[in-house]
Structures are given as structure tokens and as C-alpha cells.
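This is what each chain is made of:
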Amino acid sequence: MRKPFMGILLGAAAALGAPAHAAWYEASTDHFIIDANSSPARIRDFAVKLERFDAEMRTLYGVQDDPSRRSNRIHIYATDVGTIQSLCNCGSSVRGFYTPRAGGSAIFTLSLSNPGSNDSYDLTAQDALLHEYSHHFMFANFTAAYPMWYMEGFAEFNANVKFEDDGSVLVGRPADYRAYGLFSHTTLSIRELLDPPPRILHDPAMLDMIYARGWLLVHYLMMNKDRRGQLDTYLAEMNKGKSSIDAATLAFGDLHKLDGELSAYLAENRFAEMRVPPPATTPTVDVQPLSPGAAAMIFVHMRSTRGVDEKQAKALLPEAEKRAAPYPGDPRVQVELAEAEFDAGNDDAAEAAADRALAADPHQQRAMLYKGRVAVRRAVKAHATDAQTWSAARSWYVKANRADTEAALPLILYYESYLAQDVRAPDLAVQGLQKAEALAPEDSGVHFLLAGRMLDDGKTQAARALLAPIAYSPHGMRGAGAARTLIDLIDSGKIADARTKLANGRPTNDDKAAGNKSGKDQPKS
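Residues numbered from 1 in each chain as written. Predicted model: local features only at pLDDT ≥ 70, side-chain atom pairs only at ≥ 80, totals over all residues. Heavy atoms only, no water.

### A look at the environment of Arg52
Part 1 of the reasoning: Its place among the elements puts Arg52 in helix H1 (residues 40-61).
Part 2 of the reasoning: The buried category is assigned to Arg52, whose relative accessible area is 12%.
Part 3 of the reasoning: Separated by 231 residues in the primary sequence, Arg52 and Pro283 have C-alpha atoms spaced 7.6 Å apart.
Part 4 of the reasoning: With residues up to four places along the chain from it excluded, the contact list for Arg52 reads Phe163, Glu164, Gly167, Ser168, Val169 and Pro279.
Part 5 of the reasoning: Here the side chain of Arg52 touches Gly167 through a polar contact of 3.2 Å, landing on its backbone oxygen. (Helix = DSSP H or I, 4+ residues; strand = E, 2+ residues; numbered from the N terminus. Buried < 20%, exposed > 50% of the residue type's maximum accessible area, 1.4 Å probe, protein only. Contact = heavy atoms within 4.5 Å. Polar contact = N/O pair within 3.5 Å; in protein donor to acceptor, adjacent residues only side chain to side chain.)

Right under this line is the structure:
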């Protein structure tokens, strides 16, 4: 049985041990960057399967590939059990987790080091990885409000695939590891599944049933020709503002009848499968060894990518400085050191590391971003009000944007610099933020920023639409409670209160938005 968890980072440099293999490699494809300490052949096969899975999803759901998103590819870190546990503060049963963030969405997985048992009733690392990528695919391509049962059912339906030797992918296979949730003596009614009461959301066993029954309902609606199109109607009605129960009644008809059909479908235990043909072209995979410096920094890099608060950043910094010291000319090492120094509050050291990265590679975009971040933070600390200081700080974000016009993060940081200055961002910055939201819709922080501006501009329904996907997000994503509160205020006509709660594009309560460096969402798997 899969057990959901809430992850936080451990402090210091614990578990920064030596990798199980001597060398780390990085695979680059159209949709993924993969770091793993395995053989090049295994990493290449792993990358090809991921690309085949992405192609299968695009075929199944009619999603065209968008080359403009190449700059915001998801990063996969295939690592060991100890590292996964240290990154999420979770038990050994966890196979991986997902962190959505513009310019740095990542999945940490055991798929190459500990795939799991051969027991079909045991969750494997591949199941967990494809479940999390299914979430990423949904967030990136279908930006709307989805109920929990559908988000988890969608991910479970897509994760259970078989990669055939001819390149095709078999979809719709039963989620055997959900047997407990499906056949438990305690079950969920259809109404509890569609609109779970709070007691269910705080009960791990009942949550497992939402995953299981969500998979069953998605499978039934996807495969039953008599109910074809009903799922689309249900989702469309929900996004018009109807409750889950009302939308379901309109789309599915008699809910008691649907509940009976689901039970019969489960009892029959004959689940149809679909074979999606192989992609028209063979995926292109480039596998290269990490430089010695990048390999030395990989565990520090993963911790920084996962997210640290100030205390954790200060604890991690000595290890980062020690590992980076032998490689002053490696731009990747130096930009990762700049990140660690910046997170720990050391602006001078962060700028020096970014300068070394740019000296080695003048096109190093991430180094430009840290130059800008340092300059903005200095301007804030100095209470600078002159246009020249702020223009000079923003110039680094402009340079980063010119280095890669399709990267989302420079556009976000450029907009945020106006909030840091405490002035209204010009329309050009807003247009950039809108583009960033289109490039990286999985980042809830971008939604909050843009929703704040929409509220200021009197575009309340646009703000509501931006908040809805967060409010109903899976895994208790940080910001979900704040988004629901804001939607309630908007629906009640309390726009001024909503503006106050969304000060400077960030929720004012403790349920902060994901997307910022020190407040990333807490994942589940």
C-alpha cells in the first residue's frame, strides 16, 4: 500500500555520502534532464522509456508537443534510498517525490537504484515516478481546477503501463498495489469519493481509498463506451463553478447507479487495456558524464533543488564550499555554490561564485540570475529608491532572458523585482509573468503572483481561475488552503480582503505559495 507523506529537509550535510557507482551521468532529451549514477546504457534506456511515456500521454490526450517548453524541462534525479529519505524525511517505503517549480521542477526517484520487488502488489519505483510525472503532465498541459479523486485517479491510471518491445505502451493495466484500498471492508461511497469530508482527508487509510477508487472510476469512465464523454462534461461543469456533486449528477446521472456499476466493474475484475503505438520518431538521447566537480556537488545540488530554509542552508554551506573549492573554473559547480551561498544569506560570496561561473561561461544563465538576485536583495536592504540602482539590478534578468527567451524564471524574477521595490510593475513585466505562467503552469507561486496583479486590476474572475488549480491540488500542496480562502473571499464579493490576504503576490497566512526558494511545496508520493 502506498503511504502518502509530507517531506521536509534534514539540516546539515547528513547523508551526503559517496554514490553507489563511481560515475554520474546526465541524459538530455526533449522533455527530460536526468542525473543518475548508473551505467550509460541503463540511463539511456531509462530516458527512452520516459520519452515513450510522454509520447503515449500526448497521443492519448491529444496534447501537441511545444518546443518552446524545452527551456523548462523537468529534472529527474535517480538516486538511492538514503538520499531520498534525507531529502523528504520519510520512510524507506517511499519510492520518490515531485517538486513543481518554474525553472526547476524535479522528480527524485529510485527507479535506477531500487526499482522494488517483482510482486505486482508492491508499489515499484517506476509506478511512483510515472505517477508523479502524470501529475506534472496534467499541471503543465491542463491548467484547471480538478478534484482530488480525479487528479489521483488520472495519475494512477497513467502510471500503470507496460513498455512493449516494439516501442508501444500498454495503458490501463490494473493498479494491483491498490488492492487494499479497493477491497477493504470499509469503503467510500461515491459521494464521499467525489466530495471527501475533512475526516477522510486526515485519515491515511481513507486517503488510500481515494487513490484506489479514483483509479477505478477514471478507468471505468475512460473505458466504458456507454459513458464516453461524461468525464469531460463533469470536469467542464466543475470549472464553471459547480460543486463536485452537482457536476457529477449532471454528467453521470444517478450517482447511486454509478456506484453500483463501479462495484460490479471491480467484482468482474476484467479491466480493458489500450495499446498506444510507438512514437513516429525514435527519441534522441544525449548521455554525458558529469564533470568531476559536478559529480562532487551532486548531493549538495539535490538538497538545494529540493529546497532549504535559512537554517538548513547555513548547515549545508560548509559542505558546499568544501566540495566546490577544487573546481573554481567549473561553471556548473560555481553556479551551484552561488545558490548555496545565496540561500545562506552570503551575498558577497554568492556574487563571487556567480562571477567565476560567468568567467568560465559567459552564457551561464543561472549565474546571471544569481547576480540579479544579489543585486535586488542589496537594494532592498539599502532601502534604495533611485531608478539607477533598480535598473542595474534588473539588467541581469534582462540578460538572462536574452540568453534564453523561453525560460520562465527570468520573467518571474523580473516581475518580482518591482514588488521588492514596492512599486507597481509595468505592463511589460506583467506580460512577461503571463508568459512565464504559460511556460511553467505547474508553479503555484506564479499563479499567486499573477492572481495578485489581476485582483489589483479588478479582474477578479481571472484571479479566481488562476487560484482554482492550487485550491484543489493533490498532495496538500503548500498554498492550497490560502487559495481556497481567497476563492471564498472572491465568491463572497470581498475583493478588498482578498487583496489584503494576497499582499505582494504572496498569501499573508502561514500556508505560503510554492515557487520561492525557501518555501517549496511539501510533496507526497
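Once the structure has been displayed, the description carries forward.
### Section: the packing of aromatic side chains
Part 1 of the reasoning: Counted according to the given criterion, the structure contains 19 aromatic pairs.
Part 2 of the reasoning: Measuring from centroid to centroid gives 5.1 Å for Tyr61 and Phe154, while their planes differ by 45 degrees, and the two rings are tilted. Here the residue Tyr61 occupies a position in helix H1, and Phe154 occupies one in helix H4 (residues 148-159), the gap between them amounting to 93 residues. Like Phe154, Tyr61 is buried. (Phe/Tyr/Trp six-rings, centres within 6.5 Å; stacked < 30°, edge-to-face > 60°.)

### A few points about the sheet that holds strand S6 (residues 161-163)
Part 1 of the reasoning: An order of S6-S7-S8 is seen for the 3 strands of this open sheet, with the pairing classed as antiparallel. Of all strands in the sheet, those with a lone pairing partner are S6 and strand S8 (274-276), marking the two edges. Averaged over all adjacent pairs, the angle separating strand axes in this sheet is 25 degrees, with direction ignored.
Part 2 of the reasoning: Relative to strand S7 (residues 169-171), S6 runs antiparallel, the two being bridged by 3 bridges. Considered in S7, the bridge of Phe163 is made with Val169. (Pairing = 2+ DSSP bridges. Axes fitted to C-alpha atoms, helices over the stretch in contact; angles between N-to-C directions.)

### Some thoughts on unusual backbone geometry
Part 1 of the reasoning: Of note, Asn269 is a non-glycine position whose phi angle comes to about 55 degrees, a positive value.
Part 2 of the reasoning: With respect to the secondary-structure elements, Asn269 resides in the loop between helix H11 (255-268) and S8.
Part 3 of the reasoning: Judged by its relative accessible area of 53%, Asn269 is exposed.
Part 4 of the reasoning: Non-glycine residue His383 carries a positive phi angle of around 55 degrees.
Part 5 of the reasoning: As for its placement among the helices and strands, His383 is situated in the loop between helix H16 (365-381) and helix H17 (387-403).

### Brief notes about the packing of helix H8 (residues 204-223) against H11
The angle between the axes and the distance between the axes are what describe a pair of packed helices.
Part 1 of the reasoning: Look at H8 against H11: their axes get within 10 Å of each other, and the N-to-C directions meet at 95 degrees. In terms of orientation, H8 lies roughly perpendicular with respect to H11. Of the residues in H11, those in contact with Arg213, Leu216, Leu217, His219, Tyr220 and Met223 of H8 are Leu258, Asp259, Glu261, Leu262, Ser263, Tyr265 and Leu266.
Part 2 of the reasoning: Counted by class, the contact of H8 with H11 contains 8 nonpolar, 2 polar and 3 charged residues. (Parallel < 35°, antiparallel > 145°, perpendicular 65-115°, else oblique. Nonpolar A, V, L, I, M, F, W, Y, C, P; charged D, E, K, R; others polar.)

### Brief notes about the nonpolar core
Part 1 of the reasoning: Judged by nonpolar contacts, the single largest core of 75 residues is most densely connected at Ile76, Trp149, Tyr150, Leu194, Leu217 and Tyr234.
Part 2 of the reasoning: A per-element tally of this core places H8 first, with 12 residues.
Part 3 of the reasoning: Excluding residues that lie within four positions of it along the chain, Leu194 makes contacts with Trp149, Leu217, Tyr234, Ser244, Ile245, Ala248 and Leu255. (Core = buried A, V, L, I, M, F, W, Y, C linked by side-chain atoms within 4.5 Å.)

### Some details on the environment of Arg323
Part 1 of the reasoning: Positionally, Arg323 belongs in helix H13 (residues 310-324).
Part 2 of the reasoning: For the pair formed by Arg323 and Ala294, sequence separation is 29 residues and the distance between their alpha carbons is 9.4 Å.
Part 3 of the reasoning: A polar side-chain atom of Arg323 sits 2.7 Å from the main-chain carbonyl oxygen of Ala296.

### Brief notes about the confidence of the model for the protein
Part 1 of the reasoning: Residue-level pLDDT values for the protein average 86, and 87% of them are 70 or greater.
Part 2 of the reasoning: The low-confidence segment residues 1-21, where pLDDT is below 50, has 77 contacts with residues more than four positions distant or belonging to other chains.
Part 3 of the reasoning: Predicted confidence for residues 114-122 stays below pLDDT 50, and this span has 17 contacts to residues more than four positions away or in other chains. (pLDDT = per-residue confidence, 0-100.)

### Considering the packing of H16 against H17
Part 1 of the reasoning: Packing of H16 against H17 leaves a shortest axis separation of 8 Å and a crossing angle of 165 degrees. With respect to H17, the axis of H16 lies roughly antiparallel. Crossing hand, H16 versus H17: left-handed. Side by side, H16 and H17 meet where Gln365, Met368, Leu369, Lys371, Gly372, Arg373, Ala375, Val376, Ala379 and Val380 of the first sit next to Thr389, Trp390, Ala393, Trp396, Tyr397, Lys399, Ala400 and Ala403 of the second. (Left-handed = near helix turned anticlockwise from the far one by under 90°.)

### Overview of helix H22 (residues 480-491)
Part 1 of the reasoning: When the terminal C-alpha atoms of H22 are compared, their 16 Å separation across 12 residues agrees well with the 16 Å that a helix rising 1.5 Å per residue should span.
Part 2 of the reasoning: Along H22, the residues that are buried comprise Ala480, Ala482, Ala483, Leu486, Ile487, Leu489 and Ile490.
Part 3 of the reasoning: In the core, the buried residues of H22 are packed alongside helix H20 (444-456), helix H21 (460-471) and helix H23 (495-501).
Part 4 of the reasoning: Gly493 sits one or two residues past H22 and shows a positive phi near 80 degrees. (Expected span 1.5 Å × (residues − 1).)

### Brief notes about the sheet that holds strand S2 (residues 32-36)
Part 1 of the reasoning: Ordered by their spatial adjacency, 6 strands build an open sheet running S4-S5-S3-S2-S1-S9, and the pairing between neighbours is mixed. Either end of the sheet is taken by a strand with one partner, and the two such strands are strand S4 (96-99) and strand S9 (286-289). Averaged over all neighbouring strand pairs, the angle between strand axes comes to 15 degrees, with direction disregarded.
Part 2 of the reasoning: With 4 bridges joining them, strand S3 (residues 74-78) and strand S5 (residues 106-109) adopt parallel strand pairing. Bridge pairing in S5 links Ala78 to Thr109.

### Digging into the pattern of salt bridges
Part 1 of the reasoning: Evaluation of the coordinates by the stated rule reveals 29 salt bridges.
Part 2 of the reasoning: Of the charged contacts in the structure, one is a salt bridge between Arg323 and Glu319, with a shortest N-O distance of 2.7 Å. Of the two residues, Arg323 and Glu319 are both situated in helix H13; the distance of 4 residues between them amounts to about one turn of the helix.
Part 3 of the reasoning: Residue Arg323 is classed as buried on the basis of its relative accessible area of 18%.
Part 4 of the reasoning: A single network of salt bridges, built from pairs that share partners, joins Asp30, Asp54, Arg58, Asp65 and Arg70. (Salt bridge = Lys/Arg side-chain N within 4 Å of Asp/Glu carboxyl O.)

### Quick word on the side chain of Glu341
Part 1 of the reasoning: Mapped onto the secondary structure, Glu341 falls in helix H14 (residues 331-343).
Part 2 of the reasoning: Buried within the structure, Glu341 lacks any salt-bridge partner; its nearest side chain of opposite charge belongs to Arg356, at an N-O separation of 6.4 Å.
Part 3 of the reasoning: Ignoring sequence-local partners within four residues, the contact set of Glu341 consists of Leu317, Glu321, Asn346, Ala349 and Ala350. (Lys, Arg positive; Asp, Glu negative; His and termini not counted.)

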